[in-house]
Amino acid sequence: HEKDIEKVEVLLIGLGYVKAKEATPAHIAFNHKNYRPIEVHWTLADTRYIDDVSKYEREIWDRAITKEIGESSVLCLCPEDFLMHLCIHMAVHMRSGGFGLRQLCDLVLLVEKEGLMIDWVSFNRKIKENGIEKFTKAIFSVCSTLFNLEIPEEIKDSSADRKFVKILINDIFDSGVFGMKSIDRVFGNNLLNADVVFSDEKLPKMSNVINIICPPVNSLSDAYSYAKKFKILTPIAWIHHFFAGIFNKDYHIFDKFRFLLFSTFTFNKRSKLIKTLEL
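As the structure is a prediction and not an experimental result, all values here were calculated from the model.

## Topic: the overall build of the protein
Looking only at helices and strands, the protein has twelve helices and five strands in total. Burial statistics for the protein: of 279 residues in total, 37% are counted as buried. Of the accessible surface of the protein, which amounts to about 17400 Å², a share of 59% is contributed by carbon and sulfur atoms.

Given below as structure tokens:
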């Protein structure tokens, strides 16, 4: 529950975790020098990329179940809500940058193990109510193609286009794990997410390209603190930012050429895909 965040923060800090500076509308993160980072979520959806599902979320606590993990009793989503969570999570990642095969494997394993416990008529209604019907049915078609998953009749999409399913599969393979497999894909997705209201234009708005090269000064790192303190130095910070990108040793010169040549192509391709998925 959102009201428990402060209690969770106290517990994690007591275990040696440090709260990360950056947060999203969906979670806050905690890092530890010896252990894996932890994300604390109070919502299933990131409202920057998907419609508000708060009405649905209020109901999940009534259906939550208890499971034993080791010697601990843990509160979990019921199988139907867990499947909804996986689909919402994938929809958010698809909209923001893409996702890889691992999340599909999660879905297939859950359906194969717990499918008989899921009310598929109810599930079909929920994906419609929460605006992810087209996306979810496409993902089930992908899982059927890749893993021979048997799709329940209640959510089978008889109109599924094989060509479109193949395009979606290619996007998933191109995504790596988190949609950041290549620099041109990263910046293509940045352009896509900067263009909040889609248009019928074939190219991203020039203002979005400019925003990546010359971002708002407050979004820059502490290396540009001089411009944050004295706004008149913003043009110098942009020049600094531009040349820092050109000479950044983290990216090979080939990656930089890919960014210049293919970012707009990635934007166009993913923009069309996301429109078709109605995300």
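## Digging into the packing of helix α3 (residues 79–96) against helix α5 (residues 120–129)
It is at 11 Å that the axes of α3 and α5 come closest, and there the two elements cross at 35°. For the element pair α3 and α5, the recorded crossing hand is right-handed. Where α3 approaches α5, its residues E80, D81, L83, M84 and C87 are matched on the opposing element by W120, S122, F123, K126 and I127. Looking at side-chain class alone, the contact of α3 with α5 contains six nonpolar, one polar and three charged residues.

## Description of the environment of P25
By secondary structure assignment, the location of P25 is in the loop between β1 (18–23) and β2 (27–31). When its relative accessible area of 37% is taken as the criterion, P25 is described as partly exposed. Beyond its immediate chain neighbours, meaning those up to four positions away, P25 contacts W42, T43, D46, T47 and R48.

## So, the sheet that holds β2
Overall, antiparallel pairing links the three strands, which are arranged β1-β2-β3 in an open sheet. Lying at the two open borders of the sheet, with one neighbouring strand each, are β1 and β3 (38–41). Adjacent strand axes in the sheet meet at a mean angle of 30°, parallel and antiparallel pairs treated alike. Bridge count for β1 against β2 is three bridges, and the pairing is antiparallel.

## So, the nonpolar core
L83, L107, F123, I139, F140 and L168 are the most contacted members of the largest nonpolar core, which totals 42 residues. Every element with two or more residues in this core is listed here: α2 (54–63), α3, α4 (101–114), α5, α6 (133–147) and α7 (162–174). Residue contributions to this core peak at nine residues, all from α3. Discounting chain neighbours no more than four positions away, the residues touching L168 are M94, A138, I139, V142, L273 and L277. Counting residues in each nonpolar core, the second largest holds six residues, with I5, L12, F30 and V40 among its members.

## Here's the deal with the pattern of salt bridges
With the rule as written, the count across this model stands at 13 salt bridges. Note that K126 and E80 form a salt bridge whose closest N and O atoms lie 2.6 Å from each other. Here the residue K126 occupies a position in helix α5, and E80 occupies one in helix α3, the gap between them amounting to 46 residues. Given the relative accessible area of 4%, K126 is considered buried.

## Considering the environment of K134
Tracing the sequence through the fold places K134 in helix α6. The partly exposed category is assigned to K134, whose relative accessible area is 38%. In this structure, the C-alpha to C-alpha distance between K134 and T276, residues 142 residues apart in sequence, is 8.3 Å. Setting aside chain neighbours within four positions, we find K134 in contact with T276, L277 and E278.

## Topic: the pairing of strand β4 (residues 65–69)
Counting buried residues in β4 gives zero out of five residues, a small share hidden from the surface. Two elements, β4 and strand β5 (residues 72–76), share five bridges in a ladder whose sense is antiparallel. Considered in β5, the bridge of T66 is made with L75. The loop that links β4 with its antiparallel partner β5 comprises two residues; one of these, G70, has a positive phi angle of about 65°.

## So, the packing of α3 against α4
It is the contact of α3 with α4, at a shortest axis distance of 10 Å, that shows an interaxial angle of 165°. Judged by the angle between their axes, α3 and α4 are roughly antiparallel. Crossing hand, α3 versus α4: left-handed. Of α4, the residues touching α3 (which contributes P79, F82, L83, L86, C87, H89, M90 and H93) are Q103, L104, D106, L107, L110, V111 and E114. Considered class by class, the residues forming the contact of α3 with α4 number ten nonpolar, three polar and two charged.

What counts as what
- Residues numbered from 1 in each chain as written.
- Predicted model: local features only at pLDDT ≥ 70, side-chain atom pairs only at ≥ 80, totals over all residues.
- Heavy atoms only, no water.
- Helix = DSSP H or I, 4+ residues; strand = E, 2+ residues; numbered from the N terminus.
- Buried < 20%, exposed > 50% of the residue type's maximum accessible area, 1.4 Å probe, protein only.
- Areas by Shrake-Rupley, 256 points an atom, 1.4 Å probe, with all protein chains shown as cover.
- Axes fitted to C-alpha atoms, helices over the stretch in contact; angles between N-to-C directions.
- Left-handed = near helix turned anticlockwise from the far one by under 90°.
- Contact = heavy atoms within 4.5 Å.
- Nonpolar A, V, L, I, M, F, W, Y, C, P; charged D, E, K, R; others polar.
- Pairing = 2+ DSSP bridges.
- Core = buried A, V, L, I, M, F, W, Y, C linked by side-chain atoms within 4.5 Å.
- Salt bridge = Lys/Arg side-chain N within 4 Å of Asp/Glu carboxyl O.
- Parallel < 35°, antiparallel > 145°, perpendicular 65-115°, else oblique.

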